[in-house]
Amino acid sequence: PQWVDAVWQLTQIYPHSFEFNELLLIALLEELYACRFGTFLFNSVKERQTNRTHESTTSFWRFVLENRHLFLNPTYRKTK
């Protein structure tokens, strides 16, 4: 949670510098505790592989990519 807050603070200071919006950070925190995605289960990739979470859950990042339009920052300015 502290990392998410730090990133949110940076998005407030530099609103045009991030491709994602605050909805991504909110979703990240919500899903961290909801345990709907295998991404947040167990303590490591090795534990997730050992417990085969990929067989019974989906990745949070797949969800994000499939719903990318929800998480895009309309004020984002790509730098060279």
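Colleague: Please explain the packing of aromatic side chains as it appears in this structure.
Modeller: The relation between two aromatic rings is expressed through the spacing of the ring centres and the mutual angle of the planes. In this structure the tally under the stated criterion is seven aromatic pairs. Measuring from centroid to centroid gives 5.7 Å for phenylalanine 37 and phenylalanine 60, while their planes differ by 80 degrees, and the two rings are edge-to-face. Taken together, the residues phenylalanine 37 in the loop between helix H2 (22–34) and helix H3 (45–50) and phenylalanine 60 in helix H5 (residues 60–66) connect sequence positions 23 residues apart. Across the pair, exposure class does not vary: phenylalanine 37 and phenylalanine 60 are buried alike. Here the aromatic rings of phenylalanine 40 and phenylalanine 60 are separated by 5.5 Å at their centres, their planes lie at 50 degrees, and the arrangement is tilted. In this pair, phenylalanine 40 sits in the loop between H2 and H3 while phenylalanine 60 sits in helix H5, placing the two residues 20 residues apart along the sequence. For phenylalanine 40, a relative accessible area of 19% corresponds to the buried category. Counting every residue linked through ring pairs, the aromatic cluster contains Phe37, Phe40, Phe60, Trp61, Phe63 and Phe71.

Colleague: What should I look at first to understand the environment of valine 4 in this one?
Modeller: Tracing the backbone shows valine 4 in helix H1 (residues 2–13). Setting aside its immediate chain neighbours within four residues, valine 4 contacts Leu25, Leu28 and Leu29.

Colleague: What is the right way to read the pattern of salt bridges from this model?
Modeller: Two side chains of opposite charge can pair, provided their charged atoms sit close to one another. Applying the stated rule across the entire model yields three salt bridges. The shortest N-O distance in the salt bridge between glutamate 19 and arginine 68 comes to 2.5 Å. Here the residue glutamate 19 occupies a position in the loop between H1 and H2, and arginine 68 occupies one in helix H6 (residues 68–71), the gap between them amounting to 49 residues. On the basis of relative accessible area, arginine 68 is assigned to the partly exposed category, the value being 42%. Across the pair arginine 36 and glutamate 31 runs a salt bridge, and its minimum N-O distance is 2.5 Å.

The rules behind the values
- Position numbers for residues count from 1 along each chain, tracking the sequence in the order it is written.
- It should be noted that, the model being predicted, local features are given only for residues of pLDDT at least 70 and side-chain atom pairs only at 80 or more, the latter also being counted only at that level, while totals for whole chains, interfaces and linings use all residues.
- Heavy atoms from the whole structure form the basis of all side-chain values; hydrogens and water molecules are not counted.
- Each Phe, Tyr or Trp ring, with Trp reduced to its six-membered ring, pairs with another whose centre is within 6.5 Å; inter-plane angles below 30 degrees give stacked pairs, above 60 give edge-to-face pairs, and intermediate values give tilted ones.
- Secondary structure elements follow DSSP: runs of H or I no shorter than four residues count as helices, runs of E no shorter than two count as strands, and numbering proceeds from the N terminus.
- Each residue is placed in one exposure class: buried if its accessible area under a 1.4 Å probe, protein chains only, is under 20% of its type's maximum, exposed if it is over 50%, and partly exposed if it falls in between.
- Residue contacts are defined here by distance: any two heavy atoms, one from each residue, within 4.5 Å place the two residues in contact.
- Salt bridge, as applied in this entry: a Lys or Arg side-chain nitrogen positioned within 4 Å of an Asp or Glu carboxyl oxygen.

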